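# Coordinate analysis (summary)
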Amino acid sequence: MQNLDVISVNIWQMLASLANLVIIFLLVKKFLYKPVKKMLETRQNAIQSDYDAARDAKNQALADKDAYEEKLRSAKAEADDVIKSAVNVASQREKEIIAEAKVRADGIVRQAENDAVLERKKAEDGIKKEIVEVSSLLTEKMLGREVSAADHQNFIDSFIESIGEDDAD
Amino acid sequence: MKKTSLRFRIVDAFYIAMMIIPFIAGIVLKVLTKPASEGINITGAQIYFTIPMPLQDFIVTESQINSLLVTVVILFFCLFMTHGLTEKCELKRQHFAELIVEKVDGMVNENMGEYFMAFSPFIIGMMALSGVSSLITLFGLYPPTSDINIVGGWAVLVFILITYYKMKCGPINYLKSFTQPVALLTPINLIGEIATPVSMAFRHYGNVLSGSVIGVLIATALGSLSSKLLGWLPGFLADIPLLQVGIPAVLSLYFDIFSGLLQAFIFAMLTMMYVAGAFDADTYRKIMEKKKAKKVKKHAGVE
Amino acid sequence: MELALGIILGCCALGAGLAMIAGIGPGIGEGNAVASACEAIARQPESKGSVTTTMLMGCAIAETTGLYALVIAILLIFVAPNILVDILVSTIGAL
């Protein structure tokens, strides 16, 4: 067997190795590059779709949250309205009750005053009568004599008048 | 992790076997055909047979056969890598395959730009071919990259690509580019144009060849040194070159593995740079716009 | 005949040795490149990856001249003597 020189240029050998490189390129492209690229792409797509789904779900959740918040707010407002109307009704009732009570109290007070006035008059009358009796007794005793009925009456009247005036003052 | 089926495992085993068999075949072929050599013996590839062709005979050598074996290995490596690809990335090899593809994609995108993304599998193939061709020395086979014809063929392909991308801006622009700064520099530009593939080929070839030359020299030197130093050992021990046992392996770590892979990387890198540099994107865009305008005008004229 | 052969072989070896003087250039150049890369990494440790890649690229390209010399040397040692001896035999043997 013969050996080649260390350096010997041969065109056909060069062409063969050139073709070899081209074949390697095609093989690598067909069997390594394209499948791996395809796989990467499908994975990318899967991840992208996952992301999209997640984003959609998040958006949905956010929308739900907004809706619930809206509902909550309206419920709160309703409750506020209810409370406010209840308070209004209650305050009205309160006023009414107070007014009624006032009216009734006024009535009671007035009656009491009238009663008092009547009582006083009654008492005054009683006292007057007693005083008359007492004074007539007193005068009878003091004078020791019968006074004429007319004098008697005059005297008592003037006296009572003065007492009544004093009393009235 | 999903349990793999028996069928899947059998196919896997077939692919792995097909990745190993070419090396064994190459070693067997070498053992059968190569006569044992004594002393320093640095020659080119062994000639198996020649095919008469016009202009020059097509000499089928060890390097041709070995590069075919490398092609088979790479084919089955690709098949093995992409076997059982899933969306969920269940197998470890898928990570590796994706790592390769994404790294090279990133490199191509960084060095060449979006327009050249189709070059990515070409770069992967070039790196794989060059790297495995250099690493084949670890099996004791003749590395095809230390044959100038193999590397020269790749360099010629790169030169064709460069010229193609220069031609994209029109043949007139291509010819004009040689007289670029001054018309006087035309010969120098021509030499520079031709020097590109030549220097690429010689760089790769020289690196790998120098590695194997130094390996042979050191192995021979160690052999003679051990016969001088350890000649007093009794019996057959004196005949065994004991110093040759571990030391060349350390050197082969640099010259075969590091240098081979680095040269593969540099060859791919230079390819990217030269091809990307050959393409004048601005001029190309202008030309395309002009063509579009012409087409529109023609359409308008027809109507 | 023997003298001519000796001259051819000796000059081939000499030429190969002289050609490898070109190894000085890449050596100095790569040394400078690595020194600058070390400085750059010391200044900006975060850019270590890109600096290393660029440095390796530059080193490999700077090495090209040295490799040209190596190729010439290998040619002179392993290829040229055979060819030159063939030429010698074909010319002197005809005499």
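We now turn to the structure provided with this report. (Residues numbered from 1 in each chain as written. Chains lettered and ligands numbered in written order. Predicted model: local features only at pLDDT ≥ 70, side-chain atom pairs only at ≥ 80, totals over all residues. Heavy atoms only, no water.)

### Section: the overall build of chain C
Going by this rule: Labels follow the DSSP assignment, with helices taken as runs of H or I lasting at least four residues and strands as runs of E lasting at least two, numbered in each case from the N terminus. Between the two quantities, the radius of gyration covers C-alpha atoms and the globule rule is 2.2 Å times the number of residues to the power 0.38.
Scanning chain C from terminus to terminus reveals three helices and zero strands. In sequence order, chain C lays out its α and β elements as α-α-α. Relative to its length of 95 residues, chain C is extended, with a C-alpha radius of gyration of 21 Å against a globular reference of 12 Å. Projected onto the principal axes, the alpha-carbon positions of chain C cover approximately 75 × 15 × 10 Å.

### A few points about a positive patch on the surface
Quick note on the threshold: Patch members must show over 30% relative accessible area and no salt bridge, and they are joined within 9 Å when carrying like charges or within 5 Å when they are nonpolar side chains of Val, Leu, Ile, Met, Phe, Trp or Tyr. Shrake-Rupley sampling with a 1.4 Å probe provides the accessible areas, and residues are treated as covered by the protein chains on show and by no other component. What counts as a salt bridge is simple: a side-chain nitrogen of Lys or Arg found within 4 Å of a carboxyl oxygen of Asp or Glu. Residues scored as charged are limited to Lys and Arg (positive) and Asp and Glu (negative), so that His and the chain ends carry no count. Positions of charges follow a simple convention, taking NZ of Lys, CZ of Arg, CG of Asp or CD of Glu.
A cluster of basic residues, K286, K290, K291, K294, K295, K297 and K298 of chain B, forms a positive patch on the protein surface. With respect to the element layout, K290 of chain B can be found in helix 9 (residues 281-302).

### What about the interface of chain A and chain B?
Interface size is often expressed as the accessible area that is lost when the parts come together. Quick note on the threshold: In what follows, a contact means two residues having at least one pair of non-hydrogen atoms within 4.5 Å. When two components associate, each loses some accessible surface as probed by a 1.4 Å sphere; the sum of these losses over both components is called the buried area. As used in this structure description, the phrase polar contact means that two N or O atoms lie within 3.5 Å; if the pair is within protein, one of them must be able to donate a hydrogen and the other to accept it, and residues adjacent in sequence are counted only when both atoms belong to side chains. Here the nonpolar group is Ala, Val, Leu, Ile, Met, Phe, Trp, Tyr, Cys and Pro; Asp, Glu, Lys and Arg are the charged ones; every other residue, Gly included, is treated as polar.
Each partner contributes residues to the interface: chain A has 37 residues there, and chain B has 58 residues. Among the residues of chain A in contact with chain B, L4, W12 and L21 of chain A are the three that bury the most area, contributing 15% of the side total. E98 of chain B is the partner of R43 of chain A in a salt bridge, and the nearest nitrogen-oxygen pair spans 2.8 Å. Connecting chain A to chain B are 18 residue pairs in polar contact (both at pLDDT 80 or more). Here the side of chain A that touches chain B is composed, by residue class, of 25 nonpolar, eight polar and four charged.

### Some words on the packing of aromatic side chains
Residue and element names in this part refer to chain B. For clarity, the threshold we go by: Only Phe, Tyr and Trp rings take part, Trp by its six-membered ring, and two of them pair if their centres are within 6.5 Å. Stacked means planes under 30 degrees apart, edge-to-face means over 60, and tilted covers everything else. Exposure is judged per residue with a 1.4 Å probe applied to protein chains only, and the accessible area is read against the type maximum: over 50% gives exposed, under 20% gives buried, and values in between give partly exposed.
Throughout the structure, instances matching the rule amount to 22 aromatic pairs over all chains. Judged by centre distance (5.9 Å) and plane angle (75°), the ring pair of W154 and F267 falls under edge-to-face. Of the two residues, W154 sits in helix 5 (residues 148-167) while F267 sits in helix 8 (residues 247-278), which places them 113 residues apart along the sequence. Both residues of the pair, W154 and F267, count as buried.

### Side note on a nonpolar patch on the surface
Residue and element names in this part refer to chain B. Nonpolar side chains collect at one region of the surface, where I16, I20, I24, V28 and L32 lie side by side and expose about 460 Å² of accessible area between them. With respect to the element layout, L32 can be found in helix 1 (residues 6-33). L32 sits in the exposed class, given a relative accessible area of 68%.

### Quick word on helix 1 of chain B
All names here are of chain B. The cut-off we apply is this: Take the number of residues in a helix, subtract one, and multiply by 1.5 Å to get its expected span. The angle between axes fitted to the seven-residue stretch ending at a residue and the seven-residue stretch beginning at it gives the bend at that residue.
Spanning 28 residues, helix 1 covers 40 Å between terminal C-alpha atoms, matching the ideal 40 Å at 1.5 Å per step. Of all the bends in helix 1, the largest measures some 25° and sits at I20, one to four residues before the proline P22. Taken together, the buried positions of helix 1 are occupied by F8, D12, Y15, M19, P22, F23 and G26. Those residues of helix 1 hidden inside the fold are in contact with helix 2 (62-81) and helix 3 (92-111).

### Observations concerning the pattern of salt bridges
Residues and elements named next belong to chain C. Scanning all chains against the criterion turns up nine salt bridges over all chains. A salt bridge links R43 to E39; the shortest N-O distance between them is 3.9 Å. Residue R43 and its partner E39 are located together in helix 2 (residues 24-43), separated by four residues, close to a single helical turn.

### Overview of the pairing of strand 1 (residues 47-51) of chain B
Residue and element names in this part refer to chain B. What counts here: At least two DSSP bridges between two strands are required for those strands to pair.
Judged from the four bridges that link them, strand 1 and strand 2 (residues 58-61) form a sheet pairing that is antiparallel. Residue pairing for strand 2: F49 is matched across the bridge by V60. Hairpin geometry of strand 1 and strand 2 is characterised by an intervening segment of six residues between the two adjacent antiparallel strands and by a positive phi of about 80° at L55.

### Details of helix 7 (residues 186-229) of chain B
Taking 1.5 Å as the rise per residue, helix 7 of chain B with 44 residues should run 64 Å; its terminal C-alpha atoms sit 61 Å apart, in good agreement. Of all bends in helix 7 of chain B, the biggest is about 35°, found at A195 of chain B, and the proline P197 of chain B comes one to four residues later.

### Section: the environment of T82 of chain B
Mapping T82 of chain B onto the fold places it in the loop between helix 2 and helix 3. Residue T82 of chain B is classed as buried on the basis of its relative accessible area, which comes to 14%. Taking the C-alpha atoms as reference, T82 of chain B lies 23 Å from I136 of chain B; in sequence the two are 54 residues apart. Sequence-distant contacts of T82 of chain B, that is, excluding residues within four places in its chain, are made with F31, L32, P35 and V36 of chain A.

### Considering the packing of helix 4 (residues 120-135) of chain B against helix 5 of chain B
All names here are of chain B. Put simply, the test is: Orientation is described by lines fitted to C-alpha atoms, with helices fitted over the stretch in contact, and by angles between N-to-C directions that extend from 0 to 180 degrees. The labels follow the angle: roughly parallel below 35 degrees, roughly antiparallel above 145, roughly perpendicular from 65 to 115, and oblique for the rest. What makes a crossing left-handed is the near helix being turned counterclockwise from the far one by less than a right angle; a clockwise turn instead makes it right-handed.
Contact pair helix 4 / helix 5: the axes reach a minimum separation of 13 Å and the direction vectors enclose 160°. Classified by the interaxial angle, the pair formed by helix 4 and helix 5 is roughly antiparallel. The hand of the helix 4/helix 5 crossing is left-handed. Here helix 4 contributes F122, M126, L129, S130 and S133 to the contact with helix 5, which in turn contributes W154, L157, V158 and L161.

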